[in-house]
Amino acid sequence: MSLIKGKLGLGTAPLGNMFREVPEEEARKTIETAWDLGIRYFDTAPFYGAGLAELRLGEVLSKYNRDDYFLSTKVGRVIEDETEEKEGMFEHGRKNKITTDYSEDATLRSVEQSLERLKTDRLDFVYVHDVSPDFLGDEWVTQFDIARKGAFRVLSRLRDEGVIKSWGLGVNRTEPIELAIELEETRPDISLQATHYTLLNHEHALLKLMPRAAEKNINIVVGAPFNSGVLVGGNHFDYGDVPDEIASKANQIKQIAEKHQVSIKAAALQFSMAHPAVAAVIPGSTRVEHVKEDVAASKEEIPSDFWKELKEQNLVSPDAPMPID
C-alpha cells in the first residue's frame, strides 16, 4: 500500500544550487508552482547546498497547513557552523562544512537541525543518505554497519514512537536497499532509489530490488527519473558525464517518442510510476516551466504502440510493468 497520496512529488536537490546559482525568487516560485499544481510530496536533504534546499523549502511550506503535505529529508550528514571552500555539484551552495556520520547521536542532531531549517515540528519520511558505494567506495560496508547500529535503530525507534511515519535509505545504487530490507531487527518501510529505476536504466532494479520491495510491502520512491538530465536534453548522466552508449540509447528513445508524438518527460515519468512498488516519482527542478511540464507529462495520454515499440527495439526490459499493462 502506498504511503503517499499522488505519485508525483518534487525533488529539491537543484534548489540547493546544484551546478548553478539559483536566485531566491526562482527557488520560491518553483516550490509555490508545484504546490499550486497539486504536488503534495516534497523531498529534501541537508546535503543539498549544506542546508540551503531545506531552508528554501521550509520558508515556503511553512505557509501551508502541515497536515496537507508529505515531507521527507535525510540523515547521515550533519551541517557544521564552521565553513570550508566547496567544489563539485554543490560548489554554489552554503559554505558550511558537512560531516558524514551515521551514528545515533549524529542522526538525532541531523533530525533536529532539519526540523529547524524546515520550520516544522515533524517529518513524514527520513532516509539514510548515500550509505552507498558511489559515495563511500570500499568503505561503504563499514559505514553501512555503523548506520545499522546507529541511524537505523534511531529511526526505527522514532517510527515506533510515532515521531516519523516511515524511514529507509536514500541512495543512487540498489545494493544498500537490497541489504537493508533483509535485516530482521531494523527494516525500512520506504526507500528513495535515485537513477536505477528509470526508462534509461532499470534492468538490475527490476531483477532484484523491485520484486523484494513489493514482496515485503516496502514503498520505493524514484528519484532522478531523467537520470539527472540526459533524457531531457541535459548534459549530465547520474550527476556525471554522459557515456556514449547512454547518449545513443537516449537518442533512440527520443526518436521513437517523436514518431509517436510522445513527450520524453511523459514517457520517463510514467514508466517509473507504472511499477506497483513505486509510491512516488520526484523529478527535481528549479524552474517554474519545468514543474508545469512535469505535472502535465505525468497525465499525458501515451499510445500503447509507443511502449510496444520500445520493447520491440529492446530499449526497455520485456519484464518491466508498463502503463498499458
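Chemist: Mind showing me how you'd approach the environment of Leu136 here?
Modeler: When you line up the elements, Leu136 lands in helix α4 (residues 133-136). Note: C-alpha distance between Leu136 and Thr100 (36 residues apart in sequence) is 10.0 Å. With sequence-adjacent residues up to four places away left out, Leu136 is seen in contact with Tyr102, Asp130, Val131 and Gln143.

Chemist: What am I meant to see in unusual backbone geometry here?
Modeler: Note: most peptide bonds trans; most residues except glycine with negative phi. For Asn17, which is not a glycine, the phi torsion comes out positive at approximately 65 degrees. When you line up the elements, Asn17 lands in the loop between β1 (10-11) and α1 (24-36). In this structure Asn17 comes out as buried when scored by relative accessible area, which is 2%. Even without a glycine there, the phi angle at Thr195 is positive, about 80 degrees. Tracing the backbone through its elements, the reader meets Thr195 in the loop between β8 (190-194) and α8 (203-215).

Chemist: Honestly, the packing of aromatic side chains in this entry has me stumped. Any pointers?
Modeler: What describes a pair of aromatic rings is the distance from one ring centre to the other and the angle between the planes of the rings. Applying the stated rule across the entire model yields 14 aromatic pairs. Relative to Phe144, the ring of Trp140 lies with its centre 6.0 Å away and its plane at 85 degrees, an arrangement referred to as edge-to-face. Note that Trp140 and Phe144 are positioned in helix α5 (residues 140-149) at a spacing of four residues, about one turn of the helix. There is no split in this pair, since Trp140 and Phe144 are both buried.

Chemist: I'm lost on α5 in this one. Help?
Modeler: One full turn of an α-helix is made of 3.6 residues, so residues set three or four places apart face in the same direction. For α5, the complete set of buried residues consists of Trp140, Gln143, Phe144 and Ala147. Here the buried residues of α5 occupy an arc of 105 degrees about the axis, which is enough to place them on one side.

Chemist: Help me understand the environment of Tyr197, please; the structure alone is not making it clear to me.
Modeler: Inspection of the secondary structure assignment puts Tyr197 in the loop between β8 and α8. In sequence terms Tyr197 and Arg159 are 38 residues apart; their C-alpha atoms lie 27 Å from each other. Residues in contact with Tyr197, not counting those within four places in the same chain, are His202, Ala205, Leu206, Met210, Val222, Phe271, Ser272, His275, Val278, Ala320 and Pro321.

Conventions adopted
Residues numbered from 1 in each chain as written. Predicted model: local features only at pLDDT ≥ 70, side-chain atom pairs only at ≥ 80, totals over all residues. Heavy atoms only, no water. Helix = DSSP H or I, 4+ residues; strand = E, 2+ residues; numbered from the N terminus. Contact = heavy atoms within 4.5 Å. Buried < 20%, exposed > 50% of the residue type's maximum accessible area, 1.4 Å probe, protein only. Phe/Tyr/Trp six-rings, centres within 6.5 Å; stacked < 30°, edge-to-face > 60°. Arc of directions from axis to C-beta.

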